[in-house]
Amino acid sequence: MVQVLFVCLGNICRSPMAEAIFRKMVEDEGLSDQIKVDSAGVGHWHQGEPPHEGTRKILDEKSISYEGMRARQIKAEDWDEFDYIIAMDEQNMRDLEAIRDEYENVTIQRLMDLVPDAKEQNVPDPYFTGNFEYVYELVTEGCKHLLDEIKEDHNL
Ligand code: 4NP
C-alpha cells in the first residue's frame, strides 16, 4: 500500500481539493487497493470542518466526491505512515521541514515541482485569492504527474 498525504495551511481549501481529485484519479485507474490518499493542515484552526465552500462548489461541478472529509492537523504518526508528503507551497514546505524532527528520511515534495515547465511553483491560496478554478487547474495537473511518478516508482 502506497500512502499519500497532501498538506496545505488550513486543510480546508487546497489539500482537500487535491485529496478528492487524486482519489478520483486513483479510482478511475483501478488502483484504490494500492494507493491510499489523505490530507492535513499545518495549522489547527479549521480542525473538524468540511472543505471550504469554494472547494466544495468546484468539486460538485466536476462530480468529484468529498464525502466525509474533515480538516485535521498533521500529527507525528503521519511521518511514519505516509510515503509521499505533498506540499502545496513553499511556506508549507518550510513549516513541514521545521516540524519533521527525526523523520529526516521522509521526502517532502512540492506539488508543482512535479510538473515540468509549470506556470506556478506554488498553488496560490484561494482562501485569500478566491480563485478556486485556478487551483483546480493547477492541482489537477500536479496530481496527474504525481500519479505517474507513483506508478513508475511502484510498478503499478
Ligand atoms: P488552505 O487555505 O491552506 O488552502 O486550506 C487556508 C485556509 C484557512 C486559512 C489559511 C489558508 N486561515 O488562515 O484560516
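First, a word on scope: everything that follows refers to the structure included in this document. Since this is a predicted model, take the numbers as computed values, not measurements.

### Let's talk about the overall build of the protein chain
Helix and strand counts for the protein chain come out as six helices and four strands. In the protein chain, the succession of α and β elements from N to C terminus is β-α-β-α-α-β-α-β-α-α. Here the C-alpha radius of gyration of the protein chain, 14 Å, is about what a compact globule of 156 residues would show, namely 15 Å. In terms of its C-alpha atoms, the protein chain occupies a principal-axis envelope of roughly 35 × 35 × 35 Å.

### Brief notes about the packing of aromatic side chains
For the coordinates displayed, the defined rule picks out two aromatic pairs. Centroid distance Phe6 to Phe22: 5.5 Å. Interplanar angle 75 degrees. Geometry classified as edge-to-face. A residue pair is termed long-range when its members are at least 10 positions apart, and Phe6 in strand β1 (residues 2-8) and Phe22 in helix α1 (residues 14-28) qualify at 16 residues. This pair shows no difference in class: Phe6 is buried, exactly as Phe22 is. For the pair Tyr127 and Phe128, a centre-to-centre distance of 5.3 Å together with 90 degrees between the ring planes defines the contact as edge-to-face. On the basis of relative accessible area, Tyr127 is assigned to the partly exposed category, the value being 43%. Phe128 sits in the exposed class, given a relative accessible area of 63%.

### A word on the pairing of β1
Judged by how many residues are buried, β1 sits mostly within the fold: seven of seven residues are covered. For β1 and strand β2 (residues 35-41), the ladder comprises seven bridges, and the chain directions are parallel. Of the residues in β2, the one forming a bridge with Phe6 is Ser39. Of the crossover connections in this fold, the one passing from β1 over α1 to the parallel β2 is right-handed.

### Let's talk about the site of the ligand
Residues in contact with the ligand, as listed here, are Cys8, Leu9, Gly10, Asn11, Ile12, Cys13, Arg14, His46, Asp125, Tyr127 and Phe128. Relative to its free-state accessible area of 350 Å², the ligand is covered by the protein chains to the extent of 91%. By residue class, the composition of the shell around the ligand is six nonpolar, three polar and two charged.

### Section: the sheet that holds β2
On the basis of which strands lie adjacent, the open sheet formed by four strands has the order β2-β1-β3-β4 and parallel pairing. Each end of this open sheet is capped by a strand with a single partner; those strands are β2 and β4 (108-110). When strand polarity is set aside, the average angle formed by the axes of neighbouring strands in this sheet is 25 degrees. As defined by bridge partners, strand β3 (residues 84-87) adjoins β4 across three bridges and the pair is classed as parallel. Following the sheet pairing, Ile86 is matched in β4 by Gln109.

### Quick look at the side chain of Asp89
With respect to the element layout, Asp89 can be found in the loop between β3 and α4 (90-99). Given a relative accessible area of 13%, Asp89 falls into the buried group. Of note is the side chain of Asp89, whose polar atom sits 2.9 Å from the side chain of Arg14. Setting aside residues up to four positions removed in sequence, Asp89 forms contacts with Arg14, Arg110, Asn122 and Val123.

What counts, and at which threshold
Residues numbered from 1 in each chain as written. Predicted model: local features only at pLDDT ≥ 70, side-chain atom pairs only at ≥ 80, totals over all residues. Heavy atoms only, no water. Helix = DSSP H or I, 4+ residues; strand = E, 2+ residues; numbered from the N terminus. Rg over C-alpha atoms; globule rule 2.2 N^0.38 Å. Phe/Tyr/Trp six-rings, centres within 6.5 Å; stacked < 30°, edge-to-face > 60°. Buried < 20%, exposed > 50% of the residue type's maximum accessible area, 1.4 Å probe, protein only. Pairing = 2+ DSSP bridges. Right-handed = clockwise from strand over helix to strand, strands pointing away. Near = heavy atom within 4 Å. Areas by Shrake-Rupley, 256 points an atom, 1.4 Å probe, with all protein chains shown as cover. Nonpolar A, V, L, I, M, F, W, Y, C, P; charged D, E, K, R; others polar. Axes fitted to C-alpha atoms, helices over the stretch in contact; angles between N-to-C directions. Polar contact = N/O pair within 3.5 Å; in protein donor to acceptor, adjacent residues only side chain to side chain. Contact = heavy atoms within 4.5 Å.

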